[in-house]
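An overview of the molecular structure
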Amino acid sequence: MRVSIGSDHAGFALKEQVKRYLTDAGHDVTDVGTHAEESVDYPDFARAVGEAVVSGAAERGVLVCGSGLGMAIAANKVPGVRAVQVMDAEMAEMARRHNDANVVTLAGRYIGPARAESIVDVFLGTEFEGGRHARRVDKITALDERVQ
Ligand code: RB5
């Protein structure tokens, strides 16, 4: 799968680990940065990953900051992005099955590599259920269209 990944400084270490994990698993991973520990602003990377997903350059996005929260808020400002902050694999599964989430955000200061790997495995490997959930996701998309 084509995956766009990004982080701020607080998510840098976990982003590097997740990037290596996904690459080793055979995914086509594009890293939009950051590339060092210096302090940066997370919305810049949320925007880059969000735009990659909405344009179709990537099928899914992964963002890491300290809490995952700012990344989710920022990424969801990009029309077409459905970003979710996820702390465990079960929530990742629900975000895919019911919400057709296309970006997952991770908390670099709260979870370790093993948890992050289990989350991204499920996030990339779970299909959207469609059906009644598609109607609801369409209503989310309509909210995007209202502000464009
Ligand atoms: C950076 O200190 C921190 O605010 C950021 O990584 C993130 O947690 C914001 O939501």
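First, a word on scope: everything that follows refers to the structure included in this document. Note that residues are indexed from 1 along each chain, following the sequence as it is written. For a predicted model such as this one, the threshold for reporting local features is a pLDDT of at least 70, and the threshold for listing and counting side-chain atom pairs is 80 or more; totals across whole chains, interfaces and linings nevertheless cover every residue. Side-chain calculation: all heavy atoms of the structure are included, whereas hydrogens and water are not.

Here the focus is the overall build of the protein. The helix and strand inventory of the protein stands at six helices and five strands. Counting from the amino terminus, the protein carries its helices and strands in the arrangement β-α-β-α-β-α-β-α-β-α-α. Against the 2.2 N^0.38 benchmark of 15 Å for 148 residues, the protein shows a C-alpha radius of gyration of 14 Å, consistent with a compact globule. For the protein, the spread of C-alpha atoms along the three principal axes comes to 40 × 30 × 25 Å. Residue contacts are defined here by distance: any two heavy atoms, one from each residue, within 4.5 Å place the two residues in contact. Long-range pairs, those at least 24 residues apart, make up 69% of the contacts in the protein with a sequence separation of at least 6. The Shrake-Rupley method, run with a 1.4 Å probe, gives the accessible areas here. Residue values count only the displayed protein chains as cover. Only carbon and sulfur atoms are counted for the fraction: they give 49% of the accessible area of the protein, which is about 7300 Å². Of the side chains in the protein, 17 bear a positive and 22 a negative charge, and the two mean positions are spaced by 7 Å. By the criteria applied, helices consist of DSSP H or I runs no shorter than four residues and strands consist of E runs no shorter than two, each listed in order from the N terminus. Atoms counted for the radius of gyration: C-alpha only. Globule rule: 2.2 Å times the number of residues to the power 0.38. Only four residue types enter the tally: Lys and Arg on the positive side, Asp and Glu on the negative side, with His and both chain ends excluded. Where a charge lies is defined by one atom per residue type: Lys uses NZ, Arg uses CZ, Asp uses CG and Glu uses CD.

Geometry is summarised by axes, namely lines fitted to C-alpha atoms with helices restricted to the contacting stretch, and by angles between N-to-C directions that run from 0 to 180 degrees. For the pair helix 1 (residues 12-24) and helix 5 (residues 113-125), interaxial distance at closest approach is 10 Å and the crossing angle is 50°. Judged by the angle between their axes, helix 1 and helix 5 are oblique. In this structure, helix 1 crosses over helix 5, and the sense of that crossing is right-handed. When helix 1 is examined against helix 5, the residues Leu 14, Gln 17, Val 18, Tyr 21 and Leu 22 are found in contact with a partner set consisting of Pro 113, Ala 116, Glu 117, Val 120, Asp 121 and Leu 124. Gly is placed with the polar residues, together with every amino acid not listed as nonpolar (Ala, Val, Leu, Ile, Met, Phe, Trp, Tyr, Cys and Pro) or charged (Asp, Glu, Lys and Arg). In terms of residue class, the contact of helix 1 with helix 5 is built from eight nonpolar, one polar and two charged. An angle counts as roughly parallel when it lies under 35 degrees, as roughly antiparallel when it exceeds 145, as roughly perpendicular when it falls between 65 and 115, and as oblique in every other case. Here a crossing is called left-handed whenever its near helix is offset anticlockwise from the far helix by less than a right angle, and right-handed whenever the offset is clockwise.

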